[in-house]
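Chain residues, written in single-letter form:
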Amino acid sequence: VFFLMIRRPPRSTQSRSSAASDVYKRQPLLYLNHTSSLVISAIHKLNEILPIKLGYTFDAGPNAVILAHDSVIDLVNKFFVELFGVPQERLNEKASKGSTSQITNTQVSNLLAELQKKWKDEIALARVYHLLRTRVGDDPQKLSE
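Everything numeric in this text was worked out from a predicted model, so none of it was measured.

Undergrad: Provide a residue-level description of helix H1 (residues 34-49), including the pertinent values.
TA: Across its 16 residues, H1 extends 24 Å between first and last C-alpha, which sits within 8% of the 22 Å expected from 1.5 Å per residue. Looking at H1, one finds that the buried residues are Thr35, Ser36, Leu38, Val39, Ile40, Ala42, Ile43, Leu46 and Asn47. Taken together, the buried residues of H1 touch strand S3 (55-58), strand S4 (64-67), helix H2 (73-84), helix H4 (106-118) and helix H5 (120-125). The N-cap of H1, judged by a side-chain oxygen 3.1 Å from the amide nitrogen of Thr35 a few residues on, is Asn33.

Undergrad: Account for the environment of Asn92, naming residues and giving values.
TA: Within the secondary structure layout, Asn92 lies in the loop between H2 and helix H3 (93-98). Sequence separation between Asn92 and His130 is 38 residues, and the spatial gap between their C-alpha atoms is 7.9 Å. Apart from the residues lying within four places of it in its own chain, the contact partners of Asn92 are Leu131, Leu132 and Arg133.

Undergrad: Residue-level account of the nonpolar core, with values.
TA: Residues Leu46, Phe79, Phe80, Leu83 and Phe84 are the most contacted members of the largest nonpolar core, which totals 27 residues. Looking at this core, the elements that each hand over two or more residues are H1, H2 and H4. If one sorts the elements of this core by residue count, H2 sits on top with seven residues. Sequence-distant contacts of Leu83, that is, excluding residues within four places in its chain, are made with Ala42, Leu112, Leu115, Gln116, Trp119 and Ile123.

Undergrad: Residues and numbers for H4, please.
TA: Across its 13 residues, H4 extends 18 Å between first and last C-alpha, which sits within 8% of the 18 Å expected from 1.5 Å per residue. Val108, Leu111, Leu112 and Leu115 are the residues of H4 that are buried. All buried residues of H4 project into a common sector of 100° when viewed along the axis, lining one side. Across from the buried face of H4, at angles greater than 90 degrees, the exposed residues are Thr106 and Lys117. In this fold, the buried residues of H4 make contact with H1, H2 and H5. At the N-terminal boundary of H4, the capping side chain belongs to Asn105, with an oxygen 2.9 Å from the backbone nitrogen of Gln107.

Undergrad: Lay out the pairing of S3 in plain terms, naming residues and giving numbers.
TA: Alignment of S3 against S4, held across four bridges, turns out to be antiparallel. Its bridge partner lying in S4, Gly55 is registered against Leu67. Where S3 hands over to S4, the hairpin turn is made up of five residues, counted between the paired strands.

Rules used throughout
Residues numbered from 1 in each chain as written. Predicted model: local features only at pLDDT ≥ 70, side-chain atom pairs only at ≥ 80, totals over all residues. Heavy atoms only, no water. Helix = DSSP H or I, 4+ residues; strand = E, 2+ residues; numbered from the N terminus. Expected span 1.5 Å × (residues − 1). Buried < 20%, exposed > 50% of the residue type's maximum accessible area, 1.4 Å probe, protein only. Contact = heavy atoms within 4.5 Å. Polar contact = N/O pair within 3.5 Å; in protein donor to acceptor, adjacent residues only side chain to side chain. Core = buried A, V, L, I, M, F, W, Y, C linked by side-chain atoms within 4.5 Å. Arc of directions from axis to C-beta. Pairing = 2+ DSSP bridges.

See the structure below:
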């Protein structure tokens, strides 16, 4: 949870100068949701068993961006499609191709089964609307007029 420090004057005065009295009120700045927490937990659990670690960040909302190396991308793709039951029509073309691969890593397969059982109720509440798969593009290029 991130905290935004908001300076406000004490209630005893309406004077703007009293704002300098260092009275703060902590306001939580929440943008992650229930599904975001599940994604974070799943990535940390995957990082315990994968040889190449995953990274993650979030956009200005609850949408996760998972960073994965090419050598594990199909595995990670399939893992999240299976974990959250993302329907094929909600996958972009690259994610759709990756979702047809099999999870051959026994540890990852066991983790998937464990989380599906352990998080059954939480996953039922989770909302994954789309799974988009992309890659880093070319370096910036100078365009001619």
